[in-house]
Structures are given as C-alpha cells and as structure tokens.
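As a plain string of letters, each chain reads:
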Amino acid sequence: MAKKKEKRKVTKPKASTGPKCECGGTFKPVTLRRFDFSRYAGLPSFLDGAPGWRCGSCQREMLHGQVVNASLFFIAMDIVGFPHRLTAGFARYLRRSMQITQQELADRMGIARETVASWESSLKEISPQHDLILRVLMSNHARSSEAIPTKVLVDIANDVMATLSSVRSEPAPRKTPDLLVTESDFKKLPAAWLSKMQNTAPTVFAL
Ligand SMILES: [Zn+2]
C-alpha cells in the first residue's frame, strides 16, 4: 500500500526560480558563451559553454561555486598536458592548485626555494626535468581533488598522465597562451551532477 505523500510547507525551488539579483530580477540557469574566467584563474582564460546563471532583467551573469572549482580543475589538467615547457604563469598555477608554498614545492622536489622562485618570476626557464616532476606532482594531486565527481576525475587524470611519457623539450612560448575550457569539458560531468548543481543555488558566485 502506497503511503500518502506528506505535504511539505516549503516548496522546492524549480529550475526557473533562481536566486534574486540585486536589481530585483531573478537569475535563471543558462549556458554561458565565451565567459572571461581570467580573474578566477589568475591566467588569461575563457569558459565556453559553462552552465551558469543570467538575470532575466539586467543580464548580469553568475557562476556556481562548483562550476568555478570544476573549471579551475580543467585548467590545471590542460596545463599538465601542455605540449611546450611550462610558462612562469603555468608553473605558478600548478603549485597554487596543489595549495603549497614555494618552499614546500622545493622540498618535495629536492631543490632550493630560489629555483622555484626563479622560474615563477620568469628569471629562468624551468628545466625540462623540473617541468616534468611538477606536472607529475600535479596529476597525482588531482586524483584527490573534490572539484568534480570521482569517476570523471580519474578518467581525466589518467588521460593527462598518458601525455607525460617524456620531458617537454620545446621551450615555453614567450607569452602565456589563453586557456579555454570548452563545452565538451563540461559535458564530461555527469548530467545528474550538473542539474543538481544548477537547481540549487546556495553558493553562487557573483561576477
Ligand atoms: Zn539583475
């Protein structure tokens, strides 16, 4: 015998009823095109096809905190697979993604802190060997990330590890290239995770 469903006082928010905007309008879930993500990554970067929110009145756009974290993860994995030597900005990004200081990284690599500082400030190019060690440390760290669901994460980390079969002999480009997280990256995330995220709005990042 089926139990009669208990009537709830609080109605669950639907996808169409997002958080309120300062202007009085309501944010609705949308797919954002060519979204400038540079201020979050600290590197020139864009999101293309990110699940986000847009105010129906003033068109202001927002990203969910979980999408910010997932995007930061995708960018780290892009950098690990980068075919040239790491730029200063890329090397710094990887270290910060691991949430360690220059000294801690130096200790792990068995080198002087000044060496880390010199490649992060473009004084010296990172050596091919240090470049590879840094990427391997990051890939290993990525496996414990909580930014995205575990199954997806392990697949991505494995794919990126497969690109680390040798050192990068090509020198770093003079200018750090723009990084792009694409719709196909976001599509790697399980649909259920995405829709759950977009239907809850407790941690929305204003942009
Ligand atoms: Zn608004």
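The shown structure was predicted, so the numbers you read here are calculated from the model rather than taken from an experiment.

Quick notes on the rules
- Here, residues in each chain are numbered from 1, in the same order as that chain's written sequence.
- Reporting of local features is limited, given that this is a predicted model, to residues whose pLDDT is at least 70; pairs of side-chain atoms are given and counted only at 80 or more, and all residues count toward the totals for whole chains, interfaces and linings.
- We count a stretch as a helix when DSSP gives it H or I for four or more residues in a row; a strand needs E for two or more, and each element gets its number in order from the N terminus.
- Multiplying one less than the number of residues by 1.5 Å gives the expected span of a helix.
- Remark: C-beta atoms are placed from the backbone, and a residue is labelled buried if 20 or more other C-beta atoms sit within 10 Å of its own, exposed if 12 or fewer do, or partly exposed between those counts.
- For two strands to be treated as a pair, DSSP must find at least two bridges joining them.
- Any pair of residues counts as being in contact when their C-beta atoms, constructed from backbone geometry, are within 7 Å of one another.
- Axis geometry follows a simple rule: fit a line to the C-alpha atoms, using only the stretch in contact for helices, then measure angles between N-to-C directions, giving values from 0 to 180 degrees.

## Brief notes about helix 6 (residues 128-142)
Residues that lie three or four places apart on an α-helix share one face, since the helix turns once every 3.6 residues. The terminal C-alpha atoms of helix 6, which comprises 15 residues, lie 21 Å apart, in line with the 21 Å expected from a rise of 1.5 Å per residue. Of the residues making up helix 6, those classed as buried are H130, D131, L134, R135, M138, S139 and A142.

## Thoughts on the sheet that holds strand 3 (residues 45-47)
In space, the 3 strands of this open sheet follow the order 2-3-6, with mixed pairing throughout. Of all the strands in the sheet, just strand 2 (35-36) and strand 6 (179-181) have a single pairing partner and so form its edges. Pairing analysis gives 2 bridges linking strand 2 to strand 3, with the strands arranged antiparallel. Bridge pairing links D36 to F46 in strand 3. Across the sheet, helix 2 (residues 65-80) lies against strand 3 and strand 6, angled at about 130° from strand 6, the strand it touches most.

## Focus on the environment of V167
Of note, V167 is situated in the loop between helix 7 (150-161) and strand 6. Remark: the alpha-carbon pair of V167 and D131, spanning 36 residues in sequence, is separated by 7.5 Å. Not counting chain neighbours up to four residues away, the residues in contact with V167 comprise P128, Q129, D131 and L132.

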